[in-house]
Amino acid sequence: MTSRLLMPRHVALVPAAGTGSRMDAQLPKQYLPLAGRPVLWHTLRALASVARIDHVWVVLSAGDQWFDRHDWSVFGARLTALRCGGPSRAASVLAGLRAMQPHVAGSDWVLVHDAARPCLTADLVERLIDTVGEDDAGGILALPIADTVKREGGGGRIVETVPRAGLWAAQTPQMFRHAMLLEALSNAALDQVTDEASAMEATGVQPRLVMGDVCNMKITLPADLVLAETLLAGRQSRTERQNG
Ligand code: CTP
Ligand code: MG
């Protein structure tokens, strides 16, 4: 009993304070409708469906006018909204880490996951948690790059083909100990940090790469929303077939 209480917990932190400028929509992409619910609802459900995730914090911008228009009651007391978003993704994550600090231990694991990745599955979250285990370096979901990679030299012309061996595309969740991530981001140039792992790398840590899935795509452009809708609809009809 005592040892169970001392085991580090797993919690999730979802930055959802962006404007979704590349979507060019009337409202931030995390609130656009996807399979009958806001994008953010699917994201939160994927995390909340993992029994080992004790709590989910979502970081909204201070001026968010959309969150309260939707029904989040299915998540009950497992979800807390924080209105402390910053000017960059990393600033939002750092503000969230600070706001949740009274409720977590420094050794607890925080899984930071983009609001804009609603097709995450419980299996992927379990894989990340299982693979990282209690390795202080933490880890991220990522995919080996399949395409041939080109560097542009300006004017839309290729100057170089970059060898893709050993190159991975980072996804989320990215899982780190609360205290370590808080310190790494506190010392980082926030406008240049596009994921948690890069802030950790700057401290000399080598986070683990855990195989992600192409379906855990990020909604960035309008076509991505169509793709996400297709992925979720496919899953839904498979579930219905299995349940007879
Ligand atoms: N995010 C955030 N705070 C910011 C910027 C981004 O919490 N100041 C969140 C977004 O809401 C999103 C995630 O970080 O869930 C990933 O960022 P991105 O896909 O770049 O979303 P946006 O910044 O909203 O989109 P864009 O870059 O097209 O404006
Ligand atoms: Mg952005």
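Caption draft 1: Quick peek at the site of ligand 1. Around ligand 1, 19 residues are found, and the nearest of them are G20, S21, K29, S92 and K218. Alone, ligand 1 offers 560 Å² of accessible surface; in the complex the protein occludes 88% of this. With respect to the detected pockets, ligand 1 is housed in the largest pocket. Across the shell around ligand 1, the residue classes break down as six nonpolar, eight polar and five charged.

Caption draft 2: Broad picture of the packing of aromatic side chains. Taken as a whole and assessed by the stated rule, the structure comprises three aromatic pairs. When the centroid spacing of 4.6 Å and the interplanar angle of 5° are considered together, the rings of F67 and W72 count as stacked. Since its relative accessible area comes to 7%, F67 is described here as buried. When the ring centre of W41 is taken as reference, the NZ or CZ atom of R37 above it lies at 4.1 Å.

Caption draft 3: Spotlight on the confidence of the model for the protein. Confidence in the prediction for the protein averages 96 pLDDT; 98% of positions are at 70 or higher. When the elements of the protein are averaged for pLDDT, helix α1 (residues 2-6) gives the smallest value, 57, and strand β6 (residues 109-112) the largest, 99.

Caption draft 4: Examining the sheet that holds strand β10 (residues 168-177) more closely. Sheet architecture is open: seven strands sit in the order β5-β4-β1-β6-β10-β7-β11, paired in mixed fashion. Of all the strands in the sheet, just β5 (79-82) and β11 (208-211) have a single pairing partner and so form its edges. Ignoring which end each strand starts from, the neighbouring axes of this sheet average 30° apart. Here strand β1 (residues 10-15) runs beside β6; their pairing, made up of four bridges, is parallel. The residue bridging L13 from the neighbouring strand is V112, located in β6.

Caption draft 5: Representation of helix α5 (residues 178-186) in the model. All of the buried residues along α5 are H178, L181, L182, A184 and L185. Within α5, the buried residues cover an arc of 165° as seen down the axis, which keeps them to one side. In the core, the buried residues of α5 are packed alongside α3 (89-100), β6, β10 and α6 (196-201).

Caption draft 6: Representation of the pairing of strand β8 (residues 149-152) within the structure. Relative to strand β9 (residues 158-162), β8 is paired through four bridges, and the arrangement is antiparallel. Bridge pairing in β9 places V149 opposite V162. Counted between consecutive antiparallel strands, the loop separating β8 from β9 contains five residues, among which G154 sits at a positive phi close to 105°.

Caption draft 7: Representation of the pattern of salt bridges. With the rule as written, the count across this model stands at twelve salt bridges. The shortest N-O distance in the salt bridge between R52 and E126 comes to 2.4 Å. Here R52 is found in the loop between α2 (39-48) and β4 (53-59), whereas its partner E126 is found in helix α4 (residues 122-132), with 74 residues between them in sequence. For E126, a relative accessible area of 26% gives the class partly exposed. If you follow the salt bridges from partner to partner, you end up with R89, D114, R117 and E196 in one network.

Basis of the calculations
Residues numbered from 1 in each chain as written. Chains lettered and ligands numbered in written order. Predicted model: local features only at pLDDT ≥ 70, side-chain atom pairs only at ≥ 80, totals over all residues. Heavy atoms only, no water. Near = heavy atom within 4 Å. Areas by Shrake-Rupley, 256 points an atom, 1.4 Å probe, with all protein chains shown as cover. 1 Å grid on protein atoms, 1.4 Å probe; cavity = no way out; pocket = protein on both sides within 12 Å on 5 of 7 lines; lining within 4 Å. Sits in = over half its atoms within 2 Å of the grid points. Nonpolar A, V, L, I, M, F, W, Y, C, P; charged D, E, K, R; others polar. Phe/Tyr/Trp six-rings, centres within 6.5 Å; stacked < 30°, edge-to-face > 60°. Buried < 20%, exposed > 50% of the residue type's maximum accessible area, 1.4 Å probe, protein only. Lys NZ or Arg CZ within 6 Å of the ring centre and 35° of its normal. pLDDT = per-residue confidence, 0-100. Helix = DSSP H or I, 4+ residues; strand = E, 2+ residues; numbered from the N terminus. Pairing = 2+ DSSP bridges. Axes fitted to C-alpha atoms, helices over the stretch in contact; angles between N-to-C directions. Arc of directions from axis to C-beta. Contact = heavy atoms within 4.5 Å. Salt bridge = Lys/Arg side-chain N within 4 Å of Asp/Glu carboxyl O.

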